[in-house]
Amino acid sequence: MLNTIIQATENFCIHQIRVPYEINDNISNTKTFITYIDIEMQEETKSYRVYLGICKNFAQRISTVFLEEDESDEETLMDMTLETVNLIVGSAKVISEESKNPFVIKTPHFEKIGVFDFPYDEAKLVQIENDKMIIAIKELS
């Protein structure tokens, strides 16, 4: 499942952010805007929670792309993190349907601003220059 979400994240970075990025395993205790969205597999009885932990500068980068704001307030950055998790997981849904492994997306939720300290099964870090975004997934059932 994480591979599909990573593929969708790469598409997001290439087609939306449009700057070079790297994906690695160096998850750090950086203060982030943390959102999640739950997904339910249609062909099996599994559900997952997909977390995004986006540092302020990465969220601002997204806000600049979508809203053309160079300095967004905290509430706007929170909204951008919700929109980002929705866009990435929505793209992953399309990819999963093509591979005959469809899932249903629930409503995204904003969790907190703080260190990413949630339990997860797998995670990756997307980095653009010094800006970081954690993508993690946890099986719920």
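Owing to the predicted nature of the structure, the values given are computational and were not obtained by experimental measurement. (Residues numbered from 1 in each chain as written. Predicted model: local features only at pLDDT ≥ 70, side-chain atom pairs only at ≥ 80, totals over all residues. Heavy atoms only, no water.)

Q: Before we go on, may I ask you to explain the overall build of the chain in this structure?
A: Within the chain, the regular secondary structure consists of 3 helices and 7 strands. Listed by position from the N terminus, the elements making up the chain come as α-β-β-β-α-α-β-β-β-β. Taken against the 2.2 N^0.38 rule, which gives 14 Å for 141 residues, the C-alpha radius of gyration of the chain at 14 Å falls within 12% of a compact globule. When the 141 residues of the chain are sorted by exposure, 43% land in the buried category. Considering only contacts within the chain whose residues lie at least 6 apart along the sequence, 67% involve residues at least 24 apart. Carbon and sulfur atoms make up 42% of the accessible area of the chain, which amounts to about 7400 Å² in all. Between the centroid of the 13 positive side chains of the chain and the centroid of its 25 negative side chains there is a distance of 4 Å. (Helix = DSSP H or I, 4+ residues; strand = E, 2+ residues; numbered from the N terminus. Rg over C-alpha atoms; globule rule 2.2 N^0.38 Å. Buried < 20%, exposed > 50% of the residue type's maximum accessible area, 1.4 Å probe, protein only. Contact = heavy atoms within 4.5 Å. Areas by Shrake-Rupley, 256 points an atom, 1.4 Å probe, with all protein chains shown as cover. Lys, Arg positive; Asp, Glu negative; His and termini not counted. Charge placed at Lys NZ, Arg CZ, Asp CG, Glu CD.)

Q: Got a minute to help me understand the pairing of strand S3 (residues 47-54) in this structure?
A: Where burial is concerned, most of S3 is hidden: 7 out of the 8 residues are buried. Two elements, strand S2 (residues 31-41) and S3, share 8 bridges in a ladder whose sense is antiparallel. If you follow Asp38 over to S3, its bridge partner there is Arg49. Hairpin connection from S2 to S3: 5 residues lie between these consecutive antiparallel strands. Pairing between S3 and strand S7 (residues 131-139): 7 bridges, direction antiparallel. Of the residues in S7, the one forming a bridge with Ile54 is Met133. (Pairing = 2+ DSSP bridges.)

Q: Just to check I follow, could you spell out the pattern of salt bridges for this structure?
A: According to the stated counting rule, one finds 8 salt bridges in the structure shown. Across the salt bridge formed by Asp131 and Arg61, the nearest N and O atoms sit 2.8 Å from each other. On the criterion of sequence distance, the pair formed by Asp131 in strand S7 and Arg61 in helix H2 (residues 56-67) is long-range, its members being 70 residues apart. We note a salt bridge from Glu97 to Lys93, for which the minimum N-O separation is 2.5 Å. You can see Glu97 and its partner Lys93 sitting in helix H3 (residues 74-98), 4 residues apart, about one turn around the helix. Its relative accessible area of 38% is what places Glu97 among the partly exposed residues. (Salt bridge = Lys/Arg side-chain N within 4 Å of Asp/Glu carboxyl O.)

Q: Mind showing me how you'd approach the packing of helix H1 (residues 2-17) against H3 here?
A: Relative orientation of the contacting elements H1 and H3 amounts to 120°, with a least axis distance of 8 Å. Compared by their axis directions, H1 and H3 come out oblique. Considering only the axes of H1 and H3, their crossing is right-handed. Contacts between H1 and H3 involve Thr4, Ile5, Gln7, Ala8, Thr9, Asn11 and Phe12 from the former and Thr84, Leu87, Ile88, Ser91, Ala92, Ile95 and Ser96 from the latter. Here the residues of the contact of H1 with H3 sort into 7 nonpolar, 7 polar and no charged. (Axes fitted to C-alpha atoms, helices over the stretch in contact; angles between N-to-C directions. Parallel < 35°, antiparallel > 145°, perpendicular 65-115°, else oblique. Left-handed = near helix turned anticlockwise from the far one by under 90°. Nonpolar A, V, L, I, M, F, W, Y, C, P; charged D, E, K, R; others polar.)

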